[in-house]
Each structure stands twice: as structure tokens, then as C-alpha cells.
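Examining the three-dimensional arrangement
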Amino acid sequence: MGEQVMLKGDRAVAHSVLSTQPDVVSAYPITPQTGIVEKLSQMKADGDLRGEYLKVDSEFNAASSCIGASAAGARVFSATSSQGLKLMSEPLFTASGMRLPLVLAVANRSLSGPLSIWNDHTDAFAERDGGMIQFFAEDVQEAVDNVLMAYRVAEDPDISLPALANLDGYILTHVKEPVEIPTEEETNAFLPKREPHATLDPKNPKTMGAFARPEHWTETRYAVHDALRRSADVIGETVEAFADQFGREYGLEYGGLVQTYGDEDADVAILGLGSIVGTMRDVVADHPTSVKIVKPRVIRPYPVEALREALAGVESVGVLTKEVSPGHQSTLASELKSAMYGSGHNPTIQSYVLGLAGRDVTKAEIADIVDEVAAAASSGPSKTFVGEEDWPQLDRDILPNEVTN
Amino acid sequence: MSSMEEPAPPEPEISHDDDLFTPGHRACAGCGPALAMRYITETTGENTIISHATGCMEVVSSPYPESSWGVSWIHDVFANAPGVGSGVEAAYRAFDAKEGFEEYENHDDVNFVVIGGDGATFDIGMRSLSGMMERGHDILYIAYDNEAYMNTGIQRSSATPFGAATTTSPPGEESFGNDTNKKNMPAIAAAHGCEYVATASIAYPTDFKKKIETALEHDGPKYIQVSAPCMLGWEFDSAETVNVAKLGVQTGMQPLYEIEHGEVTNVMSLSERKPVDEYLEKQGRFSHLFAKEDGDEVIEEIQAFIDEQAAELGLDQ
């Protein structure tokens, strides 16, 4: 433990997966995820990955075969991005309904159309309501570590849900960083063997995936809802156990659900998901304003209490987000507003939609946002609604030429 | 409609001696596919895991918290039963390969079975089935073919025969019903390299069960397509299911054969193939062909299609 190696993000994630020795890996190539499953293919070819590797016809059947294998009691893994995650969506929703743990690495990429292979979070947010745990990673090390933590939470018999370990496409998958890779021994000490509550065992016949009439469906859905909410505590215990064993801490003071950086007593905060937080940290380090950075590590379960605590003394929050729910506003912002409602604390929340489809987010742009957010701190809660959302990178000069006109 | 013959007594081979697909399910009286399910579990026995596509047989057999299945059984979505089955089979291969994994024993003798209707097989699940066959999973796929989307209310599938009325291929001023011939799925399965492919009919249970047994002797993917009439969608008296299925075989509409290693074998030949009218006139879904002007031309087209198919298979003795 403790030895760092220089690895590309996709390769590093593959090594992390290898340390869990999944029984079945099933995957289909898609940019920018492909490096993960290419590396796993090589590991299988070299005899290092001892489980089965299914080279399937589509992401649809990657998810489907993971569901079948998980139902048989196997530890399973797949990886995907964007359109591939969309193609998995139908079976993934059933995986949570059937309470089958699967772990997927998602190299986040925008959804068509227009087609784009570059990074944003529209793919992850499109699966928001599927009953899956969703982790986000700021850097390659966190992406590596989230794989282990995702398995431990997803396979916990009291949770038993699918989990997505998101990492930003290209920004994390295609960058080399010094990382510590857990060995199989270390992972075995951290991640217990899966003990499913039921399997497709011929000696003990079970019917899985029965259909539910109105008198049962509500309860089934509530059970998923309840398990996903309870998973917040399990994540907290898992992050703590991870820190104890590996020495890397991910927001222990906020139950492992949220991390903060910068001045804990600042009036001004900026909030972001994933790799953008690294740039935010650089900006804040040099900025004259005292700023707190708030980084949710998960979007499901939604960390309401942790965010309320993290924003307790904050007067003005800027949400920097790489997604939007067209016709409303960014989901990251609207959910934060919803979380603060009724908390007795009502900071100004301004939303900035940026970094869509790989558009570079510069330090200067973030510094401008910090200035705006700081200026709003003294003006009290904003009275406007949609108007609060800003698209700082929108090029109005080319807008008339787009398909909208 | 012409006069109906006295229903023949059921085949003596029908047995009711296992509890792996139990009564109490919600299938219609006279359901052909429900007979197919019983013949399947009677043959595969209890050492079986079934992955089942969405469809009539899934819905009637698994209303939570009840189940008709005495074998391990999973349903996920409409299009992915072969993908799910692939994962189950791969998991057991992985368990068996694990050193020192003592709670699992060797699962070589487990029968991995995937079941889908014609819509799940010929249409929406074809990619999933193609992948399962191409990758060589040790799985028996059984398509129960009732020639339309019966579960959603009798819509046309690519297994629907030429001239048949469904709710999405209705006859009308400018329509004689479905305007395409049935997709040749057995040939598609054989082209994937399945060592064993067969067609069967619920009217010939001994033959169907023997084919399941033969299929299970082969490692790798295998495909059986069983003709299973739907009294509701085909519009015939629910006492007539087996007779209609039998007429399907006797007219050459549902030829019974095997394809082993890509070669057609064991064609169940007919000493006196009956004209297709005898099959069509028993079913309301073809009644417009007898009522409509020029309907006889469509019947001739159907007969010509059958004749051609019979010649290719060497169906006539």
C-alpha cells in the first residue's frame, strides 16, 4: 500500500475492477469508456481476470447479462458512456426493482443530439430516477476508490442496488495521474464476498421478476426508495472503513456524501460535481474572496442533510453544472433549492450551466462566477426563478444559425 | 365458415405428472402456449433455470406473489431474455471455474433455457438472441410461436402469416390482412451456427419433447420453435386448439423438421398433405379470405408458398 503509479484514468479504473475479481464482466465499446474494457480484456487474455468476460452485442445486453449473472449470485461489472447508458436504461431500471447489485463505471459524456463524444453530465442525470446509487469522482484516485466503495455499498445485503461510478469522460479517463491501486488482497480485506439474499439456484427454485399488480407495486417501489435512502448511512460507514484501511478520506465530516474545501466559515460557496472541482480549487486558492467549495460525491442518494450542514453559514451559492433539464433548469441546482427549502436557512442559489459537451471551463470563467456569487451574498435571497440560471458560455452570435431557427 | 368436424380426442401422450409448471395460472382455456410450457418443464426437469421474455406466458404465470414455476425462473424485460440467460449461464461457468469455491458444485448438468414468444424472438429480442447464439452460450432457446403479439391484443409480428387478420393488419377495402410471409427464424438460427435447430408443434408433444431432449444433448446454443395456436387471436373454439395445431402440420403450414449442423434432417413427411383451406377455414383470422371477393387468390398465394416450402423441405412422401 502507498505506492503510486502513473496511470491513465481508464486503465486505473480497470485495475481497481481487477482487484475485486468480478465473476462476470460484460461490456460493449463506446468512447470514451472503451479504455476500461480494453484493459479488462487484456487482463482476461493474460489470465489475471479470472471471471468470465462477455463481449456482447450491445450495451442493452451488457446490462441484461449483468442482471442475469447478478441474479445467479455473481459479482458483475460493466462500463459505458452516454448513448450506451441510454441503451442500458431499460434493464437498469429493473435491476433496482429486482434489487440486484451491479457496478458500472460510467465515463460521462453528453447525449445526442447533436452527437458529441465529449464530457458533461447529461447521461448520468438522465438515469437519475432509476433507483441507482450514483458516485462522482473529482480525480483518477477517487474514481479508482469509488469502484471499491460502490461494490461494498451495492452488494450490502440490506441495500442490494445497482451503482454507477461516474468519472468524467476524457478529463479523467484520458489523463495520466499518479494513483495508488489496491491489490486483490487489500480489496478482499475491504470488500466482503457477496452474499445475496436469493439466487437462481436450481436446487432452491425462485421466481424473479414477477409482475406486480396495483396492490403490490407501490410497496416494491417504496422499498427501492427506502433502500436508496438508507444507502446514505452505508456509504458513510464505507467511506470511514476505506479511510481506516487505505488512508484516503472522502468527506468523513459529511458522512462521506459531500466534501468541502477552502474556508469553512466563508459566506460564499461554489458547488460542482466531478472533475470541475479541481479547477474550482485552483481558482479559489488565488481568489481574493473567501470561498467554500462544496462537492457532492453522490447525486443518489441525494445528500440533503450533508448539504444543509455544509451550507449552514453560507449566504450565496453558485452551482456550476454540466447538465440542464430543458424547460426547467439544471437538476443539480433545482435539487439544491429543494434541499434548502424548509431548512430555516435560505441562501441565494445561482445556477451556471457550463462545460456542456466538453466545452472547456477556464479558471477565468470560474473566477467571474465567484465574483457574481460573492456580490449576491449581500443582496439577500433571489426573488427570480428561471432568470437565476445563467449560461455563461452561451455564444449568442452563433445561436441564430443553430437548428432552433 | 364451413362445417366443423367432430373434435378428435386429445393425443394420448399428454401427461400431467409434474409440478414444475403448475395449474392455477391465468392462461385462457384452450391456450396452446400453456401446453408448450408444460411440455418444456416436463422434459427439462427440475435442474433447470429459465429466463423468460415478457409475453403471455410470463404474465399468466407470475402474478406476484404467486408463481406457476417450480424451476428457477427470471423475467426482466421484453427484448432481453437471451441476454439475461447469457449472464446466468456465464455466472455458473465462473462459479465452476473458481478454485476452492466449495458451496457451488459443478453445474454442467444444469439446463439453461430461454423462452420467448414470436414477438420477443422474431422482432424485439432478435439482437439479444443473435448475440446469445453467436457467443456460443450453452442455452436452449424455445420460441413459442402463436404468430402475433397476443399479450397486447393481437398485433402483427414478423411471424404472422400472409393473409392473417390482426388488429394492426386488418382486412379492409384495400387490404387482405397481413401482407408479408413469416420470417424464417429456424434458418437464421442455423446460420448462427447452432448445432441443433428444430420446429415442433403442441399437437405432437412426443415429438416436441424428444426434440427438447435432443437439443439438450448438444453443448452450445440450440433453437426450437414450437407452433402454439392462440384460440383468442386465431379465433377458434377453445376445444379445438390441438386440432388446429395438427392441421397446421398436416397442411404443411407448420412443417416439422430438424436442422443439425446446418443440414435439414428428419422432416416429418406427409403421405397426403391437406389443402391449406382446411386449416384456414377453422380460424376467424382468415375468414375474410373466404368472404371477400378475390380472397381465393390470396388463399392460392398461401398455398403456393406452402407448396414451395414443401418442395424445399421434401415434405411430401
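Residues numbered from 1 in each chain as written. Chains lettered and ligands numbered in written order. Predicted model: local features only at pLDDT ≥ 70, side-chain atom pairs only at ≥ 80, totals over all residues.

Listed as interface residues are 38 residues of chain B and, on the opposing side, 37 residues of chain A. At the level of elements, strand 1 (48-52), strand 2 (72-75), helix 3 (81-97) and helix 5 (126-134) of chain B are the ones that each hand at least two residues to the side of chain B that touches chain A. Element by element, the count of residues in the side of chain B that touches chain A is highest for helix 3 of chain B, at 12 residues. As paired strands, strand 9 (residues 207-208) of chain A and strand 2 of chain B are joined by 2 bridges and run parallel to one another. (Contact = placed C-beta atoms within 7 Å. Helix = DSSP H or I, 4+ residues; strand = E, 2+ residues; numbered from the N terminus. Pairing = 2+ DSSP bridges.)

Let's shift gears to the sheet that holds strand 4 (residues 76-80) of chain A. Residues and elements named next belong to chain A. The strand order 3-2-4-5-7-6-13 describes an open sheet built from 7 strands, whose pairing is mixed. Each end of this open sheet is capped by a strand with a single partner; those strands are strand 3 (52-55) and strand 13 (298-300). Strand-to-strand, the axes of this sheet are offset by a mean angle of 20°, without reference to chain direction. (Axes fitted to C-alpha atoms, helices over the stretch in contact; angles between N-to-C directions.)

This part takes up the nonpolar core. The nonpolar side chains of a soluble globular protein tend to be buried, and buried together. Residues and elements named next belong to chain A. Formed by 217 residues in total, the largest nonpolar core has its most connected members in Ala150, Ala163 and Ala165. It is helix 6 (residues 140-154) that contributes the most residues to this core, 10 residues altogether. Shared between two domains, this core holds at least three residues of each, these being domain 1 (4-197 + 208-246) and domain 2 (258-390). When neighbours within four sequence positions are excluded, alanine 163 is seen to be in contact with Val103, Met132, Ile133, Phe135, Ala150, Val153 and Ala154. (Core = buried A, V, L, I, M, F, W, Y, C linked by C-beta atoms within 7 Å. Buried ≥ 20, exposed ≤ 12 C-beta atoms within 10 Å, placed from the backbone. Domains from an automatic or database assignment.)

Let's shift gears to the domain arrangement of chain A. All names here are of chain A. On domain assignment, one finds that chain A holds domain 1 (4-197 + 208-246) and domain 2 (258-390). Here the C-alpha centre of domain 2 lies 27 Å away from the C-alpha centre of domain 1. The interface is formed by 27 residues belonging to domain 1 together with 19 residues belonging to domain 2. Sorting the residues of the side of domain 1 that touches domain 2 by element identifies helix 5 (122-126), strand 6 (133-136), strand 7 (163-168) and helix 8 (214-246) as the ones contributing at least two each. Per-element accounting of the side of domain 1 that touches domain 2 gives the leading share, 5 residues, to helix 8. Among the residues forming the side of domain 1 that touches domain 2, the class breakdown is 13 nonpolar, 8 polar and 6 charged. (Nonpolar A, V, L, I, M, F, W, Y, C, P; charged D, E, K, R; others polar.)

Buried residues dominate strand 3 (residues 111-117) of chain B, accounting for 7 of its 7 residues. Where burial is concerned, the two faces of strand 3 of chain B agree: the one with Asn111(B), Val113(B), Ile115(B) and Gly117(B) and the one with Phe112(B), Val114(B) and Gly116(B) are both buried.

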